[in-house]
Amino acid sequence: MKKTLALILALALCFGITACAEQTQAEETLPTEEIVIQAPTPPPTGETEPVTYTYEAEPMQNAGCIYYGPDTYVPSFLDPSKVRGKIMVWTQCPNCGEENNNSFVIDPAELDFSTGDTIMYSDTDSCWDCSWDKGIEQFMWTIRITRIPE
């Protein structure tokens, strides 16, 4: 009986090893398919190249103006480092006609163009002659500034 039991166990062991060996060979011979997994492209981050603008300044009311761009000639009486890339405004009193009361330098990079590429810019100035002669302290001036993408 011990011999029969040992023989049965030996056969079971042989069949088990053979079954495992055949299964391993079957797995190795299965055709394989190459699977390519492509990572999704990330959405744009919103980072774009900065846009460079030039500006056009037009006098509207009681003012003269000019935009000194990167290649614009700057007169010798002005400091190029202070006006380059900026708009210079000089005013004219509407009451007495006195010109060049004051000069203003406007940096277009500090203006709000959220409503469009053209804005109106206004400020006030005072005229010494009119304040004494006519009692008028201040007057308003206005210019139109248009930004143009390069």
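These figures come from a predicted structure and were not determined experimentally.

Trainee: Any chance you could explain the nonpolar core here in plain terms?
Mentor: Among soluble globular proteins, nonpolar side chains are generally buried collectively. Ranked by internal contacts, the top residues of the largest apolar core, which has 14 residues, are Ile87, Val89, Ile106, Ile143 and Ile145. At the level of elements, β1 (53-61), β2 (63-68), β3 (86-92) and β6 (138-149) are the ones that each hand at least two residues to this core. In this structure Ile106 touches Lys86, Ile87, Val89, Leu111, Tyr121, Trp141 and Ile143, once residues within four positions along its chain are discounted. Tyr68, Leu78, Val83 and Met88 belong to the second-largest nonpolar core, a separate cluster that totals 5 residues.

Trainee: Just checking my understanding: could you explain the sheet that holds strand β5 (residues 118-126) for this structure?
Mentor: In any sheet, the strands associate via hydrogen bonds between backbone groups, in a parallel or an antiparallel arrangement. With antiparallel pairing, the 3 strands of this open sheet are ordered in space as β1-β6-β5. The open sheet has two free edges, formed respectively by β1 and β5, since each of these has just one partner strand. Across this sheet, the average inter-strand angle for adjacent strands is 30 degrees, counted without regard to direction. Direction of pairing for β1 relative to β6: antiparallel, over a ladder of 8 bridges. Opposite Tyr55, over in β6, you have Arg147 as the bridge partner.

Trainee: Sorry if this is basic, but what is going on with the pattern of salt bridges here?
Mentor: A side chain with one charge can pair with a side chain of the opposite charge if their charged atoms come near. As enumerated under the stated definition, the model contains 2 salt bridges in all. The partner of Arg144 in a salt bridge is Glu58, with the nearest N and O atoms 3.6 Å apart. With a gap of 86 residues between them, Arg144 in strand β6 and Glu58 in strand β1 connect regions that are remote in the sequence.

Trainee: Before we go on, may I ask you to explain the environment of Ile143 in this structure?
Mentor: By the secondary structure assignment, Ile143 is in strand β6. Each C-alpha atom, one on Ile143 and one on Ala63, is 7.1 Å from the other, the two residues being 80 residues apart in sequence. For Ile143, the residues in contact, after removing those within four places along its chain, are Glu58, Pro59, Met60, Ala63, Cys65, Ile87, Val89, Ile106, Ile119, Met120 and Tyr121.

Trainee: Would you mind going over the packing of aromatic side chains with me for this structure?
Mentor: Two measures describe an aromatic ring pair: the distance that separates the ring centres and the angle between the ring planes. This model, assessed by the stated rule, comprises 5 aromatic pairs. An angle of 45 degrees between the planes, with centres 6.5 Å apart, marks the rings of Tyr53 and Tyr55 as tilted. Between the aromatic rings of Phe104 and Trp141, the centroid separation amounts to 5.1 Å while the plane-to-plane angle is 40 degrees, which identifies the pairing as tilted. Here Phe104, found in strand β4 (residues 99-106), pairs with Trp141, found in strand β6; they are 37 residues apart in sequence, far enough to count as distant. For Trp141, a relative accessible area of 0% puts it in the buried group. One aromatic cluster in this structure is built from Tyr53, Tyr55, Tyr67 and Phe113. Taking NZ or CZ as reference, Arg147 lies 4.5 Å from the ring centre of Tyr53, over its face.

Trainee: Looking at this structure, how should I read the side chain of Thr142?
Mentor: Within the secondary structure, Thr142 sits in strand β6. There is a polar contact of 3.0 Å between the side chain of Thr142 and the side chain of Ser122. What Thr142 contacts, discounting residues up to four positions off in sequence, is Pro59, Met60, Gln61, Ala63, Met120, Tyr121 and Ser122.

Analysis parameters
Numbering of residues starts from 1 in each chain and follows the order in which that chain's sequence is written. Totals for whole chains, interfaces and linings use every residue, but because this is a predicted model, local features are given only for residues with pLDDT of at least 70 and side-chain atom pairs only at 80 or more, for both listing and counting. No hydrogens and no water enter the side-chain calculation; it runs on all heavy atoms of the structure. Buried Ala, Val, Leu, Ile, Met, Phe, Trp, Tyr and Cys residues that are joined via side-chain atoms within 4.5 Å together make up what is termed a nonpolar core. Three labels apply to residues, based on accessible area from a 1.4 Å probe with only protein chains included: buried if under 20% of the type maximum, exposed if over 50%, partly exposed otherwise in between. Each helix corresponds to a stretch of at least 4 residues labelled H or I by DSSP, and each strand to a stretch of at least 2 residues labelled E; elements are numbered beginning at the N terminus. Whether two residues are in contact is decided by their heavy atoms, any of which lying within 4.5 Å being enough. Strands are treated as partners if at least two bridges between them are detected by DSSP. Note on method: axes are straight lines fitted to C-alpha atoms, helices fitted across the in-contact stretch only, with angles between N-to-C directions ranging 0 to 180 degrees. What counts as a salt bridge is simple: a side-chain nitrogen of Lys or Arg found within 4 Å of a carboxyl oxygen of Asp or Glu. For Phe, Tyr and Trp, rings pair up if their centres lie within 6.5 Å, where Trp contributes its six-membered ring, and each pair is then called stacked (planes under 30 degrees apart), edge-to-face (over 60) or tilted (otherwise). Our definition puts a charge over a ring when NZ of Lys or CZ of Arg is within 6 Å of the ring centre and also within 35 degrees of the ring normal. Pairs of N or O atoms within 3.5 Å make up the polar contacts considered here, provided that, within protein, one atom can donate a hydrogen while the other can accept it, and that residues adjacent in sequence are counted only when both atoms are side-chain atoms.

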